[in-house]
Amino acid sequence: MLKIDIKQGSLTEEQIKWFEKAFRRCARRIILSTTLAGCGHPGGSLSSLSLLLVVYSLAKVNPQNPRALERDRILISHGHISPGVYSVLCEYGFFPEEPFLMEFRRAGSAFAGHVEQSVPGVEWNTGNLGQGLSAACGMAQALKLKNLSNLVFCFMGDGEQQKGQVIEARRWAVKFKLDNLITLIDYNQLQIGGKISEVMPQDLKAEIEATKWNVLEIDGHDFQQIFQALKVAIEKKVSNPEHPTAIIAHTVMGKGISFMENDPKWHGMALPEDLAKKALEELGFDPGELDVLKEKRKTWNVSFPHQNYDPLPIELKIPAPTIYPPEVNTDCRSAYGKALLNLAKENNPPTGTPKILGLTCDLEGSVKMTDFKKWSPQAFFESGIQEHHTASVAGALSKEGFSVFFSTFGVFAIDEVYNQLRINSINRTALKVVATHLGADVGEDGPTHQCIDYIGLLLNLYDFEIYITADPNQTDHIIRYIADKPRNIFVGMGRSKLPVVTKEDGSPYFDENYTFIPGKADWIRQGDKGVIITYGTMIPYALKAWEILNSEGIKVSLLNVASIRPFPEKDLLKASELKNLIIVEDHLVETGLGTRIASFFGLKQIKVNLKLLGHKTICSSGKPSELFKQAGLDPESIAHTMKQMLK
């Protein structure tokens, strides 16, 4: 294993010879692993190989402690080059060669088809192109917030430069002066569809320079040039030292295997056995090794341990609750803003490293982050209208020992960035997505802004907890509850001002004695004829329906389901005993809470009378109250539906 001091003037002949031999050893592993698996991406692995070898030789990483806090970060954005990455990690002693070759791309293996953090030395699970640079920005920003001088190296493919999120990340990196970020672009000028110049032409150098990055161009297979470019970038001997640097490395796909070079066919296809043996022979290795390993792989059990990659722990001081009296008429988003400010006052010092971070996308005032920004300007990140990047960078930050709140409107926090949240989920981030302006409660802004599909989408993200607040008081309780939880959590609310939910004696229901418990619903009112089940913006409408029914002597219960995941099974089983159930929600009926409840009862083989009230199609522009009436969600319609059911 070779380690290089960046302070040396140039690579020695001995070091270059080591790299040349290491290249052949790693190329052998690339060919063996992909052919044994029968699939994989050998072409790009070979074109990136020289770059990987040099970066790992000088980066501050320790194979014996790959998760050391004060380490450089090496992120692979084009995760399909996993054979190359795993081969180099073998070379540098992160793990032995045998489990990689025997387990690559097998079910349950740490050595997945695209790089995953379960393998020591891998920082981020990647595969969907264009998101890696955003995650690298999060890591670089985290290092700066912690006052650490470590670096972030982000490897990228040239094809993924076509993605819009890459441009978003470049701008963000310049705005926040991430001079500790270096990208290395494998510019082999080929992608799956053929030549980049034909698939989607772009002037790569000009585009990067236009975003004010420093740009260096090199031969990506010349070890001396690679070292010199990295030296210039690391020592900040660039035109703009405050900005990040991109190294455009001109490479050859399939480098080192004569019949593979410059052939896009080998981007994502393993060599058949005969060609693999020919390649091994070219590299100077025994082609018969393939047959031996093939037999061994047949009886090899997947056993290499997966590395833990949970978020760093965080300890916070949680402030006392803010209780809004019944006479106060405010919105949940204002209560969120105040709760966030109070958290910052307890945990973000005027100088030094903050613990609470806030990110938004040109909606600071609407999502009520202005006071937080004033208190902790160093912890607030205005990302502009760049939701895709912001969701990703926020996710990466949340793994670094910070409590990270990403806030925007519902359609931008969920629909717009579903894939980014999905990758965050795969990476086990601890992001707090707080979305305002949910549902048709957005009203006159119309269907493009009415997020009425969020539960259906979020339920697909298996690890996201889902909470919807009923009033300002419950909002405060929930925000304080989630702040220090090391997992992904979604909190949603509408735009409108909501009355404080009260007990029958007129005092606040969610008072200082209330404790928010995930997986538990709130029995706002009690009755034995049936149950109105609702959440969020619909609470005051359902409560008025309850009052109508109560005035007519019809005693029903009102159940608030703020915790949609974890699911309040015990409360719903209790509700089923009352037989007559109406679900009321500002959401599409087919994918909302109602269908989740119906499925729950069906699987439990519980028979109830069940009516689902919600939107059956997209709404029009109009006042929320009018839109709710059209959908049968006004108090009179809810009460009428219950009376019809009771008949």
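Scroll up to find the structure.
Figured I'd write up the structure that's included with this text. Since the structure is predicted, the reported quantities are computational estimates derived from the model, not experimental observations.

### Observations regarding empty space enclosed by the protein
To find the voids left in a structure, one rolls a probe of water-molecule size over its atoms. In this structure the tally under the stated criterion is 5 cavities of 30 Å³ or more. A volume near 80 Å³ is recorded for the largest cavity. Leu438, Gly439, Tyr454, Ile468, Met493, Gly494, Tyr535, Gly536, Thr537, Met538 and Asp586 together form the lining of the largest cavity. Considering only enclosed or pocket space, the second largest cavity measures out at about 70 Å³ in volume. Around the second largest cavity, the lining residues are Tyr56, Val61, Asn62, Asn65, Pro66, Arg71, Asp72, Ile74, Phe94, Gly121 and Glu123. Residue classes in the lining of the second largest cavity are distributed as 5 nonpolar, 3 polar and 3 charged.

### Observations regarding the layout of surface pockets
Volume-wise, the largest pocket comes out at about 370 Å³. Looking at the largest pocket, it is lined by 20 residues, and the ones nearest its centre are Leu69, Arg71, Leu312, Lys399 and Glu400. Among the residues making up the lining of the largest pocket, the classes are represented as 9 nonpolar, 3 polar and 8 charged.

### Brief notes about the environment of Ile30
Among the secondary structure elements, Ile30 is positioned in helix α1 (residues 13-37). By relative accessible area, which is 0% here, Ile30 ends up buried. The spatial distance from the C-alpha of Ile30 to the C-alpha of Asp286 is 15 Å, given a sequence separation of 256 residues. Setting aside residues up to four positions removed in sequence, Ile30 forms contacts with Pro42, Ser45, Leu46, Leu49, Pro83, Gly84 and Ser87.

### Here we look at helix α11 (residues 289-298)
Burial in α11 covers these residues: Leu290, Leu293 and Arg297. One side of α11 holds all its buried residues, which, seen down the axis, span an arc of 70°. Every exposed residue of α11 that faces more than 90 degrees away from the buried side is listed here: Val292 and Lys298. In the core, the buried residues of α11 are packed alongside α1, α4 (97-103) and α10 (273-283).

### Quick look at the nonpolar core
Judged by nonpolar contacts, the single largest core of 141 residues is most densely connected at Leu181, Phe405, Tyr454, Phe490, Ile532 and Ile533. Top element by residues in this core is helix α5 (residues 132-145). It accounts for 9 residues. In this structure, Ile4, Ala22, Leu53 and Ile234 belong to the second largest nonpolar core, which totals 72 residues.

### Quick notes on the side chain of Asn488
Relative to the helices and strands, Asn488 resides in the loop between α18 (472-482) and β14 (489-492). Only 3.0 Å separates the side chain of Asn488 from the backbone nitrogen of Leu431, close enough to count as a polar contact. Filtering out sequence-adjacent residues up to four positions away, Asn488 remains in contact with Asn424, Ser425, Thr429, Ala430, Leu431, Asp463, Phe464 and Glu465.

### What to know about the environment of Asp72
If you trace the backbone, Asp72 turns up in the loop between α2 (42-58) and β1 (73-76). Given a relative accessible area of 3%, Asp72 falls into the buried group. Sequence-wise, Asp72 and Leu438 are 366 residues apart; in three dimensions their C-alpha atoms are separated by 40 Å. The residues touching Asp72, leaving out its near neighbours within four places in the chain, are Ala59, Lys60, Val61, Glu123, Asn150, Leu151 and Phe153. From its side chain, Asp72 meets the backbone nitrogen of Lys60 in a polar contact 2.7 Å long. For Asp72, the side chain forms a polar contact with the main-chain nitrogen of Leu151, separated by 2.8 Å.

What counts and how
Residues numbered from 1 in each chain as written. Predicted model: local features only at pLDDT ≥ 70, side-chain atom pairs only at ≥ 80, totals over all residues. Heavy atoms only, no water. 1 Å grid on protein atoms, 1.4 Å probe; cavity = no way out; pocket = protein on both sides within 12 Å on 5 of 7 lines; lining within 4 Å. Points joined across faces, edges and corners; volume = space filled by probe spheres on them. Nonpolar A, V, L, I, M, F, W, Y, C, P; charged D, E, K, R; others polar. Helix = DSSP H or I, 4+ residues; strand = E, 2+ residues; numbered from the N terminus. Buried < 20%, exposed > 50% of the residue type's maximum accessible area, 1.4 Å probe, protein only. Contact = heavy atoms within 4.5 Å. Arc of directions from axis to C-beta. Core = buried A, V, L, I, M, F, W, Y, C linked by side-chain atoms within 4.5 Å. Polar contact = N/O pair within 3.5 Å; in protein donor to acceptor, adjacent residues only side chain to side chain.

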